Protein chains: 2
Amino acid sequence: MSLPHAILTALLEKPSSGLELTRRFDKSIGYFWSATHQQIYRELGRLEQAGHIRALPAPVPVRGQRKEYEVLPAGRAELSDWVARPEDPKPMRSALLLRMRAAAMVGASGLRAELERHLALHREQLEEYLAIEDRDFPAERRRAEPDRLRHLVLRGGIDLERFWVEWLTGALAELDRGE
Amino acid sequence: MSLPHAILTALLEKPSSGLELTRRFDKSIGYFWSATHQQIYRELGRLEQAGHIRALPAPVPVRGQRKEYEVLPAGRAELSDWVARPEDPKPMRSALLLRMRAAAMVGASGLRAELERHLALHREQLEEYLAIEDRDFPAERRRAEPDRLRHLVLRGGIDLERFWVEWLTGALAELDRGE
DNA sequence: TGGGTCATGTAAACTGTTACATGATTCA
DNA sequence: TGAATCATGTAACAGTTTACATGACCCA
């Protein structure tokens, strides 16, 4: 139940239309809370209904025409509440780990290639995050809290990709030891 | 779309009834592919329809009466295919990271407590995994492939919990630096 | 015999995914 | 003017979650 809050956050960062939001999800917030444009439009409708956001006044609302949204005070209040709301971490879901467990029962043929493919993908993602860090959080300097928090989040992404790269490397080595 | 394969794997490890499966999900396969008993019963029905599993012959099938399933050759073949089927990792989803990003916009009050709570939960989970490792994969000895694969999977869970413990510890320290 | 637990299930609401539809704008 | 692209949406379905319903079995 976090999509509306992801959208509120994105809109506070910068008022946007549905399509702009979709694009920003593809390369920012979406790194840890992804959504398709259909989900986003549906949720924008609900948030507007709820009085949490509003469309900037347009002369005549027409389908197909750009509609820009901004957060209303009620929306900001809801987001602020949500930040302090406790919520347990969801158990992880990894189809890859599940595959390995299945492989223990039916044989590991084809598994090696998949591990290598994932390793390459995680390396790519890591590079992408590091490029963003270079661009958005340069050098050592005292930063304001918003920037420090955003940087912490990005660091989470970076460290997690590093974790997978290392774990997959180790798993491949371990697979080799036995064959 | 991995729940049926999680169930096939669990049933190959040991034929079971729906409730037994639910319990084993709660403390084994469910660590990386969780499911409720409702999902499991529905999926058992589908797998039986598809001819991938069968209920052990019972005199008269009655609601409320234990029904044990086992995997049929077709089910094993399907699982074997699936293991080699490529599938990209899903983008991660972390409500906690999203909260931090939201906190950058509306203020971080209440966030510290939530980070600490998550840190404690991840420490607990780590302990649980380590206990399982002690129990199921003792000492240094040459092991057969199935065991080595299962151990790799558990290692993944352990390392991931360690990752979160370290990251959360660092994030808390970093939060303190500025207040 | 009646309450607790084991066990299997149904129903509804919500979230996420995939495919498609429609109008507006731009520019060759 | 017609093709490409921008932009907003609808519809149908699959997966997940939550609440509830029903029957069997055990044992005090």
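So, a few notes on the structure that sits alongside this text. On a predicted model such as this, the values are computed, not experimentally measured, just so you know. (Residues numbered from 1 in each chain as written. Chains lettered and ligands numbered in written order. Predicted model: local features only at pLDDT ≥ 70, side-chain atom pairs only at ≥ 80, totals over all residues. Heavy atoms only, no water.)

**Topic: the sheet that holds strand 2 (residues 53-55) of chain A**
Link 1 in the chain: A sheet is described by the order of its strands in space; here 3 strands give the open sequence 1-3-2 (chain A), paired in antiparallel fashion. Strand pairing shows two members of the sheet lacking a second neighbour, strand 1 (16-17) and strand 2 of chain A, which therefore form its edges. (Pairing = 2+ DSSP bridges. Helix = DSSP H or I, 4+ residues; strand = E, 2+ residues; numbered from the N terminus.)

**Some thoughts on the protein's contact with DNA strand C**
Link 1 in the chain: Of all residues adjacent to DNA strand C, which total 23 residues, the nearest are Gln38 and Arg42 of chain A together with Leu19, Tyr41 and Arg93 of chain B.
Link 2 in the chain: Backbone atoms, meaning sugar plus phosphate, form 55% of the atoms of DNA strand C positioned within 4 Å of the protein.
Link 3 in the chain: One nitrogen or oxygen atom from the main chain of Leu19 of chain B is found 2.7 Å from a phosphate oxygen belonging to DNA strand C.
Link 4 in the chain: At a separation of 2.8 Å, a base oxygen of DNA strand C approaches a polar side-chain atom of His37 of chain B.
Link 5 in the chain: If one sorts the elements of the surface near DNA strand C by residue count, helix 3 (residues 37-49) of chain A sits on top with 4 residues.
Link 6 in the chain: Class assignment for the residues of the surface near DNA strand C results in 4 nonpolar, 11 polar and 8 charged. (Near = heavy atom within 4 Å. Polar contact = N/O pair within 3.5 Å; in protein donor to acceptor, adjacent residues only side chain to side chain. Nonpolar A, V, L, I, M, F, W, Y, C, P; charged D, E, K, R; others polar.)

**Some details on the packing of aromatic side chains**
Link 1 in the chain: Scanning the entire structure with this criterion turns up 7 aromatic pairs over all chains.
Link 2 in the chain: Pairing Tyr31 of chain A with Tyr129 of chain A gives two aromatic rings, centres 5.0 Å apart and planes at 85°, and the pair type is edge-to-face. Pair noted here: Tyr31 of chain A is in the loop between helix 2 (18-26) and helix 3 and Tyr129 of chain A is in helix 6 (residues 111-136), with a separation of 98 residues, a long-range link. Of the two residues, Tyr31 of chain A and Tyr129 of chain A, both sit in the buried class.
Link 3 in the chain: Ring centres of Phe163 of chain A and Phe163 of chain B lie 6.2 Å apart, and the angle between their planes is 35°; on these two criteria the pair is classed as tilted. With Phe163 of chain A in helix 7 (residues 145-177) and Phe163 of chain B in helix 7 (residues 145-177), this pair bridges two chains.
Link 4 in the chain: When its relative accessible area of 9% is taken as the criterion, Phe163 of chain B is described as buried.
Link 5 in the chain: Each member of the aromatic cluster is reached from another via a ring pair, and the members are Phe163, Trp164 and Trp167 of chain A together with Phe163, Trp164 and Trp167 of chain B.
Link 6 in the chain: Directly above the ring of Trp82 of chain B sits Arg99 of chain A, whose terminal nitrogen or CZ lies 4.1 Å from the centroid. (Phe/Tyr/Trp six-rings, centres within 6.5 Å; stacked < 30°, edge-to-face > 60°. Buried < 20%, exposed > 50% of the residue type's maximum accessible area, 1.4 Å probe, protein only. Lys NZ or Arg CZ within 6 Å of the ring centre and 35° of its normal.)

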